[in-house]
Amino acid sequence: MLVKQGKEKKWFRAVWRQNSTVKMIDQRLLPKKFKIISLKNHKQTVKAIENMAVRGAGSIGATAAFGAMQAVLEAKPKNFKQFIERAFYRLRHTRPTAHDLFWAIERIDFAIQEKNPRKAKISAIKEAEKISSEYCERGKKIGKHGEKLLKNGTRMLTHCNAGWLALLDWGSALAPVYAAKRNGKIVFVFVDETRPRLQGAKLTAWELANEGIPHRIIADNAAGYYMSEGKIDLCIVGADRIAANGDTANKIGTYEKAVLAKENSIPFYVAAPTSTFDPNTKNGKKIVIEERPEREVLFIGKQRIAPKKSRAFNVAFDVTKAKYIKGIITEKGIIKPKKKAIKRLF
Ligand code: MRU
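Counting restarts for each chain: residues are numbered from 1 in the order of the written sequence. Where totals are concerned, whole chains, interfaces and linings use all residues; where local detail is concerned, this predicted model gives features only for residues with pLDDT of at least 70, and gives and counts side-chain atom pairs only at 80 or more. Working from all heavy atoms in the structure, the side-chain values ignore hydrogens and water.

With that out of the way, let us pick up helix 9 (residues 254-263). Exposure categories follow from relative accessible area, calculated using a 1.4 Å probe and restricted to protein chains: below 20% of the type maximum is buried, above 50% is exposed, and the middle band is partly exposed. Each helix is a run of H or I in the DSSP string that is no shorter than four residues. Each strand is a run of E no shorter than two, and both are numbered from the N terminus. Taken as a whole, helix 9 has its buried residues at Thr254, Lys257, Ala258 and Ala261. Seen end-on, helix 9 carries its buried residues on one side only, within an arc spanning 100 degrees. In the segment just after helix 9, Ser265 is the residue with positive phi, at about 55 degrees. It is the directions from the helix axis to the C-beta atoms whose arc is reported.

Surface patches are defined over residues having more than 30% relative accessible area and no salt bridge, joining like charges when they lie within 9 Å and nonpolar side chains (Val, Leu, Ile, Met, Phe, Trp, Tyr) when within 5 Å. Note that accessible areas follow from Shrake-Rupley with a 1.4 Å probe, and for residues the cover is restricted to the protein chains shown. Within this document, salt bridges are pairs made up of a side-chain nitrogen of Lys or Arg and a carboxyl oxygen of Asp or Glu, the two lying within 4 Å of each other. Asp and Glu are treated as the negative residues and Lys and Arg as the positive ones, with His and the ends of the chain left uncounted. Every charge is mapped to an atom, namely NZ of Lys, CZ of Arg, CG of Asp or CD of Glu. Taken together, the side chains of Lys262, Lys282, Lys285, Lys286, Lys321, Lys323, Lys339 and Lys343 make up a positively charged region of the molecular surface. Position of Lys282 relative to the elements: it lies in the loop between strand 13 (277-278) and helix 10 (295-298). With relative accessibility at 58%, the residue Lys282 sits in the exposed group.

This part covers the domain arrangement of the protein chain. As far as domains go, the protein chain holds domain 1 (2-140) and domain 2 (142-345). The C-alpha-based centres of domain 1 and domain 2 are spaced at 24 Å. In this assembly, 38 residues from domain 1 lie in contact with 36 residues from domain 2. Roughly 3100 Å² of surface becomes buried between domain 1 and domain 2 when both sides are summed, with 54% attributable to carbon and sulfur atoms. Three residues stand out in domain 1 for area buried against domain 2, namely Thr97, His99 and Arg138, and they jointly supply 22% of the buried area on that side. Between the two partners, domain 1 and domain 2, sit three salt bridges. Here Glu290 ties to Arg95 by a salt bridge, and the two come within 2.9 Å at their closest N and O atoms. Pairs of N or O atoms are called polar contacts if they sit within 3.5 Å, as long as, within protein, a hydrogen donor faces a hydrogen acceptor (for residues adjacent in sequence, only side-chain-to-side-chain pairs). On inspection of domain 1 and its partner domain 2, the count reaches 22 residue pairs in polar contact (both at pLDDT 80 or more). Of all the elements in the fold, those that place two or more residues in the side of domain 1 that touches domain 2 are strand 1 (2-5), strand 2 (8-11), helix 2 (57-74), helix 4 (99-112) and helix 5 (117-147). Three classes are used: nonpolar for Ala, Val, Leu, Ile, Met, Phe, Trp, Tyr, Cys and Pro, charged for Asp, Glu, Lys and Arg, and polar for all others, with Gly counted as polar. Taken together, the residues of the side of domain 1 that touches domain 2 break down into 19 nonpolar, nine polar and ten charged. For every domain, the bounds stem from an assignment made automatically or drawn from a database. Contact between two residues is taken to exist if any of their heavy atoms lie within 4.5 Å; hydrogens are not considered. A 1.4 Å probe defines the accessible area here, and the buried area is the portion of it lost by two parts on being joined, summed over both.

The subject of this paragraph is the pattern of salt bridges. Tallied over the full model, the rule gives 20 salt bridges. The shortest N-O distance in the salt bridge between Glu127 and Arg107 comes to 2.8 Å. With Glu127 in helix 5 and Arg107 in helix 4, this residue pair connects regions lying 20 residues apart in the sequence. The salt bridge involving Lys257 is made with Glu256; its shortest N-O contact spans 3.3 Å. Here the salt bridges share partners, and the residues they tie into one network are Arg95, Arg197, Glu290, Arg292 and Glu296.

The subject of this paragraph is the pairing of strand 2. Note: two strands are recorded as paired if DSSP finds a minimum of 2 bridges between them. Note that strand 1 and strand 2 share four bridges and pair antiparallel. Residue pairing across strands places Val3 opposite Lys10, the latter belonging to strand 2. Counted between consecutive antiparallel strands, the loop separating strand 1 from strand 2 contains two residues, among which Gly6 sits at a positive phi close to 70 degrees.

Quick look at the nonpolar core now. Nonpolar cores were defined as sets of buried Ala, Val, Leu, Ile, Met, Phe, Trp, Tyr and Cys residues, with membership established by side-chain atoms within 4.5 Å. Counting residues in hydrophobic clusters, the biggest one holds 71 residues, and the most contacted among them are Met24, Val72, Phe88, Ile108 and Trp164. When residues in this core are grouped by element, the largest group, nine residues, is from helix 2. Ranked by size, the runner-up nonpolar core spans 25 residues in total, among them Phe190, Met227, Ile266 and Ile335.

In structure tokens, the structure reads:
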């Protein structure tokens, strides 16, 4: 997307490749600072996923693909296989919930199978680029399908960040909003702030402001009020992993928004590319939920907000049961969150 840089607007993608270097927008610094970081080897890319310089399932997937590519390029013929296996293991153990991470590494792994080091390196570059451009294409199609749900003046709620920083170029939950804008429709977005990492207040709001889309940030516990007041017409959120039965893991707080939406008869949609579906996971109970440091809850920035003796729990995701989801917006169309419909996607 175009980003204001001084007086000019320049086009950026959340993550990309320059030869064997991975480049990305450092999402930890937004909205204060817009900075591109360069990751010169797979170990630096592993760190960038772990320390959340990159966020959002799709962008994590693209980063993992490039990180896996870097490992293949770094491997020496002497211990080619072992080096790659170790590097892939490290990549797989960065963050547990986003399915795209595992999916992307699998694709690179498959692309280099049975190849000599020289051919494997070429295949790894090609496959990583293919994954990245597929993400862009998928986001665009999600926008096209999802846009049909939005009228001029629709008031939509979203949680966390599922825009172009989170899934290359278009995003998932925000892709329909961007598509609607290009078709002359103005959608108003309620942005949940998304404690503790504030992806909504920091990243979604930054994206929307940058695109000139009307929005307001609301406290995480305010959505129920606005729903009950008839101020929200529909909800669209992203996803980190969708089980075979449609149960969906997304940023902590998504589940309660879905229950509230049902209580208030507001349609609740999930938007995700097919790479986020995990047909091997039967239902939401089987999804591994990431637990993060308690510090993220006890502090805001460097400021401790809780008493010294208090401790915290900090789960990063929750699971919304399929029964709360009206439909899943994918690049192949809007489907029901049902086993059969999901099976047909693959
Ligand atoms: O912990 P994060 O910031 O990586 O979590 C991001 C989310 O939960 C997004 O809503 C989700 O990945 C969908 S984005 C395509």
